[in-house]
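Results of the structural survey
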Amino acid sequence: QVLLVESGGGLVQAGASLRLSCAASGRTFSSYTMGWFRQAPGKDREFVARINWSGLTTYYAESVKGRFTISRSNAENTMYLQMNSLKPEDTAVYYCAASSSGTWDYWGQGTQVTVSS
C-alpha cells in the first residue's frame, strides 16, 4: 500500500511556471517507477512523464517535452514536476502514480492546474 499526495497546483497566466510535488508514504519509494498524468475537462486521462527508480531515465509526452521536467528525491520520498512556459492547453487535474512493475498500481487524488490566456 502506497499513499500518494499531490500539491503545488494553482491558477497562473500563460507563460508562467509551476512546480508540482508528489509525496509518497512508506519505505519502498525508491523501488517504484513514478509518473505524472493529467486529465482535462471532457478528455481522457493522458500520460505526461515518467521517471525510473534511480531517477536516471525519464520519458515525456511530446506535448510537454522541452517545457516540463520530472525529477525525484528518494531520500525525501517525493517526486516533482517542474512546468515551464505553461499554455492554456496544459489546464487539467494532474495526478501522480507509482508502478511496482508493469502497471500503474497507485494514484494520488490530483491537483488542479489552470492556465489562463
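Now for a look at the structure at hand. (Residues numbered from 1 in each chain as written. Predicted model: local features only at pLDDT ≥ 70, side-chain atom pairs only at ≥ 80, totals over all residues. Heavy atoms only, no water.)

Another aspect to go through is the layout of surface pockets. When its volume is computed, the largest pocket comes out at roughly 160 Å³. What lines the largest pocket is a set of 13 residues, and nearest its centre among them are R38, K43, E46, E89 and D90. Of the residues belonging to the lining of the largest pocket, the class tally is 2 nonpolar, 3 polar and 8 charged. (1 Å grid on protein atoms, 1.4 Å probe; cavity = no way out; pocket = protein on both sides within 12 Å on 5 of 7 lines; lining within 4 Å. Points joined across faces, edges and corners; volume = space filled by probe spheres on them. Nonpolar A, V, L, I, M, F, W, Y, C, P; charged D, E, K, R; others polar.)

Moving on: the side chain of R67. Position of R67 relative to the elements: it lies in the loop between β6 (58-60) and β7 (68-73). Discounting residues that sit within four places of it in the chain, R67 has contacts with Q82, M83, N84, S85, L86, K87 and D90. (Helix = DSSP H or I, 4+ residues; strand = E, 2+ residues; numbered from the N terminus. Contact = heavy atoms within 4.5 Å.)

One pass over the full model with this rule turns up 5 aromatic pairs. An angle of 75 degrees between the planes, with centres 5.7 Å apart, marks the rings of F37 and F47 as edge-to-face. On the criterion of sequence distance, the pair formed by F37 in strand β4 (residues 33-39) and F47 in strand β5 (residues 46-51) is long-range, its members being 10 residues apart. The exposure class assigned to F37 is buried, which follows from its relative accessible area of 9%. According to the relative accessible area criterion, F47 is partly exposed, its value standing at 22%. With a centroid separation of 5.2 Å and an interplanar angle of 80 degrees, the aromatic rings of F37 and W104 are classed as edge-to-face. With F37 in strand β4 and W104 in the loop between β9 (92-99) and β10 (106-107), this residue pair connects regions lying 67 residues apart in the sequence. What links up through ring pairs into an aromatic cluster is the set F37, F47, Y59, W104 and W107. Looking at R45, its charged tip hangs above the ring of W107, at a distance of 4.7 Å from the centre. (Phe/Tyr/Trp six-rings, centres within 6.5 Å; stacked < 30°, edge-to-face > 60°. Buried < 20%, exposed > 50% of the residue type's maximum accessible area, 1.4 Å probe, protein only. Lys NZ or Arg CZ within 6 Å of the ring centre and 35° of its normal.)

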